[in-house]
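What follows is the residue order along each chain.
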Number of protein chains: 2
Amino acid sequence: MKKLNMVDKAFLLSENRETPMHVGGVSLYTLPPGANEKEFLHGLADSMRNVDTMLPPFGDRLKTGPLGLVGNTYWEPDPALDLDYHIRHSALPAPGRYRELFTLVSRLHGTLLERSRPLWEMHLIEGLPNRQFAVYNKTHHAAVDGARSIHVSRVMLSADPNHVLEESPLSLHLWEQYKAGLKMGKRPEHTTSELRSVSDMFKLSIDSGAHVFNAVKTFAGTLVGRGNGMALPHMRVPRSALNAPIDGARRFVAQSWPFARIKAVAKAFDGTFNDAVLAMCSGALRTYLQVHAELPQAPLKAMVPVSLRQPGDVDSGNAVAAISADLATNIDDPIERFERIKASVQVSKDFYAEMTPREIELFFLIVQSPAAILAPLGMMSKLPPYNVAISNVPGIRETMYWNGARLDGSYPLSIVTDGMAMNITLVTYAESVDFGIIACRRSLPHIQRMIDYMEESLQELEDAAGIKAKPAKKHATGAGTSRGRTQAKANTRPKTKTKAKAKAKAKAKAKAKAKAKAKPKTGAGAKAKTRATAPARAKTAANAQSKPAAKPKVKTGKQG
Amino acid sequence: MKKLNMVDKAFLLSENRETPMHVGGVSLYTLPPGANEKEFLHGLADSMRNVDTMLPPFGDRLKTGPLGLVGNTYWEPDPALDLDYHIRHSALPAPGRYRELFTLVSRLHGTLLERSRPLWEMHLIEGLPNRQFAVYNKTHHAAVDGARSIHVSRVMLSADPNHVLEESPLSLHLWEQYKAGLKMGKRPEHTTSELRSVSDMFKLSIDSGAHVFNAVKTFAGTLVGRGNGMALPHMRVPRSALNAPIDGARRFVAQSWPFARIKAVAKAFDGTFNDAVLAMCSGALRTYLQVHAELPQAPLKAMVPVSLRQPGDVDSGNAVAAISADLATNIDDPIERFERIKASVQVSKDFYAEMTPREIELFFLIVQSPAAILAPLGMMSKLPPYNVAISNVPGIRETMYWNGARLDGSYPLSIVTDGMAMNITLVTYAESVDFGIIACRRSLPHIQRMIDYMEESLQELEDAAGIKAKPAKKHATGAGTSRGRTQAKANTRPKTKTKAKAKAKAKAKAKAKAKAKAKPKTGAGAKAKTRATAPARAKTAANAQSKPAAKPKVKTGKQG
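Residues numbered from 1 in each chain as written. Chains lettered and ligands numbered in written order. Predicted model: local features only at pLDDT ≥ 70, side-chain atom pairs only at ≥ 80, totals over all residues. Heavy atoms only, no water.

1. Examining helix 2 (residues 37–49) of chain A
Residues and elements named next belong to chain A. The end-to-end C-alpha distance of helix 2 is 18 Å, a good match for the 18 Å that 13 residues give at a rise of 1.5 Å each. Phe40, Leu41, Leu44, Ala45, Ser47 and Met48 are the residues of helix 2 that are buried. Projected onto a plane normal to the axis of helix 2, the buried residues spread over an arc of 165 degrees and lie on a single side. Considering only its buried residues, helix 2 is in contact with helix 3 (83–86), strand 5 (87–91), strand 6 (120–126), strand 7 (132–140), strand 12 (401–402) and strand 13 (405–413). (Helix = DSSP H or I, 4+ residues; strand = E, 2+ residues; numbered from the N terminus. Expected span 1.5 Å × (residues − 1). Buried < 20%, exposed > 50% of the residue type's maximum accessible area, 1.4 Å probe, protein only. Arc of directions from axis to C-beta. Contact = heavy atoms within 4.5 Å.)

2. Quick notes on the interface of chain A and chain B
On the chain B side, the residues contacting the 33 residues of chain A number 33 residues. Counting each side, the surface lost to burial between chain A and chain B is near 2,800 Å², with a carbon and sulfur contribution of 43%. A per-residue breakdown of the area chain A buries against chain B is headed by Arg17(A), Arg107(A) and Arg442(A), which together make up 26% of the total. At the boundary of chain A with chain B, the tally comes to 8 salt bridges. Linking Arg117(B) and Asp247(A) is a salt bridge whose minimum nitrogen-to-oxygen distance equals 3.3 Å. For the interface between chain A and chain B, the tally reads 22 residue pairs in polar contact (both at pLDDT 80 or more). (Buried area = accessible area lost by both parts, 1.4 Å probe. Salt bridge = Lys/Arg side-chain N within 4 Å of Asp/Glu carboxyl O. Polar contact = N/O pair within 3.5 Å; in protein donor to acceptor, adjacent residues only side chain to side chain.)

3. Details of the side chain of Asn423(B)
Residues and elements named next belong to chain B. As for its placement among the helices and strands, Asn423 is situated in strand 14 (residues 422–429). Within the structure, Asn423 has its side chain in polar contact with the side chain of Ser414 (distance 3.4 Å). Side-chain polar atoms of Asn423 contact the side chain of Thr425, separated by 2.6 Å. Every residue in contact with Asn423, bar those within four places of it in the chain, is listed here: Ala389, Ser414, Ile415, Val416, Gly436, Ile437 and Ile438.

4. A word on the pairing of strand 14 (residues 422–429) of chain A
All names here are of chain A. Extensive coverage of strand 14 is indicated by the burial of 8 of its 8 residues. Burial along strand 14 is two-sided: the residues Met422, Ile424, Leu426 and Thr428 and Asn423, Thr425, Val427 and Tyr429 are all buried. Of the strand pairs in this sheet, strand 14 and strand 15 (residues 432–440) are connected by 8 bridges, and their pairing is antiparallel. In the sheet register, Val427 faces strand 15, and the bridge partner there is Asp434. In textbook terms, the turn of a hairpin is the stretch between consecutive antiparallel strands, and for strand 14 and strand 15 this stretch comprises 2 residues, one of which, Ala430, has a positive phi near 50 degrees. (Pairing = 2+ DSSP bridges.)

5. Some details on the confidence of the model for chain A
All names here are of chain A. Per-residue pLDDT for chain A has a mean of 74; in total, 63% of the residues score no lower than 70. Between residues 472–508, whose pLDDT stays under 50, and residues either more than four places distant or in other chains, the model counts 92 contacts. Overall, residues 556–560 carries pLDDT values under 50, and its contacts beyond four positions in sequence, including any with other chains, amount to 30 contacts. Reported for the predicted complex are a pTM of 0.78 and an ipTM of 0.76. (pLDDT = per-residue confidence, 0-100.)

6. Quick look at helix 14 (residues 450–465) of chain B
Residues and elements named next belong to chain B. Compared with an ideal rise of 1.5 Å per residue, which puts 16 residues at 22 Å, helix 14 spans 22 Å between its outermost C-alpha atoms and is within 8% of the ideal. Burial analysis of helix 14 places 16 of its 16 residues in the buried class, the great majority of the element. Positive backbone phi, at 75 degrees, marks Gly466, one or two positions downstream of helix 14.

7. Re the sheet that holds strand 4 (residues 68–77) of chain B
Overall, antiparallel pairing links the 3 strands, which are arranged 1-4-3 (chain B) in an open sheet. With partners counted over all chains shown, the strands left at the sheet margins are strand 1 (2–3) and strand 3 (60–65) of chain B, one partner each.

8. Focus on the sheet that holds strand 1 (residues 2–3) of chain A
Residue and element names in this part refer to chain A. A sheet is described by the order of its strands in space; here 3 strands give the open sequence 1-4-3, paired in antiparallel fashion. Two strands lie at the open edges of the sheet, namely strand 1 and strand 3 (60–65), each paired on one side alone. Looking at chain direction, strand 1 and strand 4 (residues 68–77) are connected through 2 bridges and run antiparallel. Its bridge partner lying in strand 4, Lys3 is registered against Tyr74.

9. Observations concerning the relation of the copies chain A and chain B
Its rotation angle being 180 degrees, the transformation that places chain A on chain B also includes 0.0 Å of axial translation and leaves an RMSD of 0.0 Å. Interpreted geometrically, this transformation is the action of a two-fold axis. Identified as the residue of chain A closest to the rotation axis by C-alpha distance is Ala91(A), at 2.6 Å. Same-surface contact between copies: 100% of interface residues of chain A are shared with the interface of chain B. (Least-squares fit on C-alpha atoms with pLDDT ≥ 70 in both.)

10. Points about the packing of helix 10 (residues 273–292) of chain A against helix 14 (residues 450–465) of chain A
Helix packing geometry: the angle between the two helix axes and the distance between the axes. Residue and element names in this part refer to chain A. The N-to-C vectors of helix 10 and helix 14 enclose an angle of 125 degrees; their axes lie 8 Å apart at closest approach. Of the possible angle classes, the one that applies to helix 10 and helix 14 is oblique. For helix 10 against helix 14, the interelement crossing comes out right-handed. Mapping the contact onto sequence places Ala276, Ala279, Met280, Cys281, Gly283, Ala284, Leu285, Thr287, Tyr288, Val291 and His292 in helix 10 and Met450, Tyr453, Met454, Ser457, Leu458 and Leu461 in helix 14. Of the residues belonging to the contact of helix 10 with helix 14, the class tally is 13 nonpolar, 4 polar and no charged. (Axes fitted to C-alpha atoms, helices over the stretch in contact; angles between N-to-C directions. Parallel < 35°, antiparallel > 145°, perpendicular 65-115°, else oblique. Left-handed = near helix turned anticlockwise from the far one by under 90°. Nonpolar A, V, L, I, M, F, W, Y, C, P; charged D, E, K, R; others polar.)

11. A look at the packing of aromatic side chains
Each aromatic ring pair is specified by the distance between its two centres and by the angle formed by the two planes. According to the stated counting rule, one finds 20 aromatic pairs over all chains in the structure shown. Both rings, one in Trp257(A) and one in Phe435(A), keep their centres 5.4 Å apart while their planes meet at 90 degrees; by these two values the pair is edge-to-face. On the criterion of sequence distance, the pair formed by Trp257(A) in strand 8 (residues 250–258) and Phe435(A) in strand 15 is long-range, its members being 178 residues apart. Judged by its relative accessible area of 0%, Trp257(A) is buried. Put simply, the rings of Tyr29(A), Phe40(A), Phe133(A) and Trp402(A) pair up and form one aromatic cluster. Here Arg88(B) stacks its cationic end above the ring of Tyr85(B), 4.5 Å away from the centre of that ring. (Phe/Tyr/Trp six-rings, centres within 6.5 Å; stacked < 30°, edge-to-face > 60°. Lys NZ or Arg CZ within 6 Å of the ring centre and 35° of its normal.)

Below, the structure is given as structure tokens:
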């Protein structure tokens, strides 16, 4: 029986009806040629159940003593493991668009996992057109951390469309094969005492009655011996609608963008892919708050895990650090905004540069769990540590298959808490970047519009960088071009004013900012027209049961 | 703002992850001729949302003060009422049998309602064959008691297939029209102080450290001034698998039987319809425990609400009492079992005979809520007050329609708790009796087989009473005859022995028991053969997408 460490237990202890502590994902697949949907999905479920010894803790349930979760807690094998309970068939109501898929997934993600059983569920979802099906999975954060869940999903995928798994991807045997295949050296896990001492130090600072701000400052100072304001969480974070208390209902949306588009923006401004993602999200959040709530005067801060791993280093798998990126949402000019974001990320990276991987990892274990530790104390909504979490999860860069079904996209669903009512997580997969956005349904209405705002933000960056994007076609016929634009209501925000202003600024700055390689675009009129018709296209595409395409996935109309 | 009374609050306070305190129902409908399923279901959802002022508390959320639910608690209008959240579209995966419906409904019934919103959900479920659709609703017991929920569902139904509601059935306006139509006199609700004093007395007895048995005995003695053992709950109840601690996962099955069959058995043994239902359930529970667990030597006790209302009395709408019926599960002979059940029900009714309706009602308010009051004290599994709850809810005896869709059946889903892991609730509707059985998925496996055992038990009673049932046809073609027998696995229990024994006894007693009008059947061989093929028929019918029938509903193959 494996004992749970302090961090895992924090996810259990802090969980309540409004704040389930599970993470999930929804993946889109295309059936193999000639396969019958019902038979194929039942075959997948059967193959998931074809397991002798389960990979821990997928066959384990929690075992506590008389003190409950406050005392020692272990994983023990579930004596009546009921895989029919965990592996489920579901279906979408008509017309089976991504809108119906997101609605179902929002509901499934909003309910608690059953505590007396292994802490995961998998849903095979039928009812999508174009021979697609979806898989939603949810796993408690106490059972599987982000890194491991990616490895587990890799066990079931193959680059070979003819490969068929002989055992369940949840079998211990396959897992060990996979690990051996990676040729990863065994890396010692953190000892419980290490984790406990760090956690206890943090907890003690809070329990002793000190202000949370001081507790975090003290902790961070103690651990890393210096105090650079830009990198420390819990500092200079404005209040916003993103940081309200939450209820238990969620809304989820997802969309893919071509990796090349975001990478081109990064290159144009001499930034990283991650910088470009943050800039794209920043523009979208700026618009969202302007339209649906109130944009704070101070810039929003994002919690962003960044990889500090050196190329070729596979040993320090978790060598990531959480940084607090300045999203510069108070800045109107997209170029200036990009520069500010880039600079703040660099400062944060410098902050970590002299730390050992082990120090960084321990630090990250703490800074990623304030929600878990602060939530039960009711302090999250009083002092939000960040405004929003934006996580970029490196995925697989080639097309993968599960028993012959082609993976078309994979969209993460993370955790939102009191004070952090939205989470944006993205996964790079094949030629795409797959974004999953989840938010509290009550405190953040209409988050489905974030997808439009993200596209507008990317286009604004492309315009500022002078990148020529292919004009999107009206009434797209290929499902790959605009299916997934599932929001039926047109965005009524007047955009011309801010756009025009941004472009004027961009022109003025073009010469001074040689570094940014910005080539202001002159054909703005044609572009604006294309954009104005986008919501109408989206509506048409969302209602149409369009013909099968090469790779239908949740993607915008624009392929530039 | 309406204040919640003690009983309503008890349902909220005692609720936890494993024990949601909501009740629900799943109804089957047939689309009106020519209607398009998608359009019709969206039309129903739209009409549900077409409401100006909501019937309280369907538009209200809970409002508590600094003490939370322990302090005063009120209903207040939800300032951001989101009917899209409450009214949902769902679908069944292929092949869309009742089996898939029950699986979906089991899952939906197992999750908690969102506490910060009005405490109800409604799911319009598509994907059934034969132009049927289903509606699952769940409502917190703190918001709506059983009697009111029936009235609400009656508001939306009409005996006229051409009637279309002009407003939402959840509108206050329609509710007031309905109440006026009933010409019911205003009846004073219990004052809070009345309820509080009764609840407090009960709670005090427990809190003062006395044994629960004594507490209940004292309470009952104080209130009614006498103590007849057969009627008092918490007495002489054997331990059984039905009384284990539960987890949060449920399994639900449902089935309809012809009212005439059960009534004929009641008449043959000179008992009531309710006596016959209890005898039918008793035989099934006996078999279930023999096959899947252990049959206790002492007879099981059932909590059975019985109506004490005089004909023509509409004023005392809640004049029902809870009795503890002896299910006589230790008795092999079906005739003797029936007699024992009948006698125990009569003793209980006598017990209440001299009480005022008000006394009875208060008594019932308490005896129906021990789960709510005892569960948080962890006493339910130590001293189960009853083994199982069997509730017979009088329904509408004519065919009803919702905006033209014909109601084919309506199956209740009640609450199970630690120590009461199964609940059987039945509703009489038109020519049928619609049973809904819900149980904890872990402690009571394979409850889907209860449906077979219920049919066997009814046949055994029919045999003992000498009622000639039409022999069921092999490979039934009409959907009305055996669809809904969704359990795919055949029951492997050897039945011939107990059956033969019962019949031999029945023959011997036939003359002595003139009152029972038992006519022992001689053609037992033919009957036994028919029965042996039943599981095979069920399997065929469950897999077949059979042609539309006049009234496809969850029904057994036997129409006798």
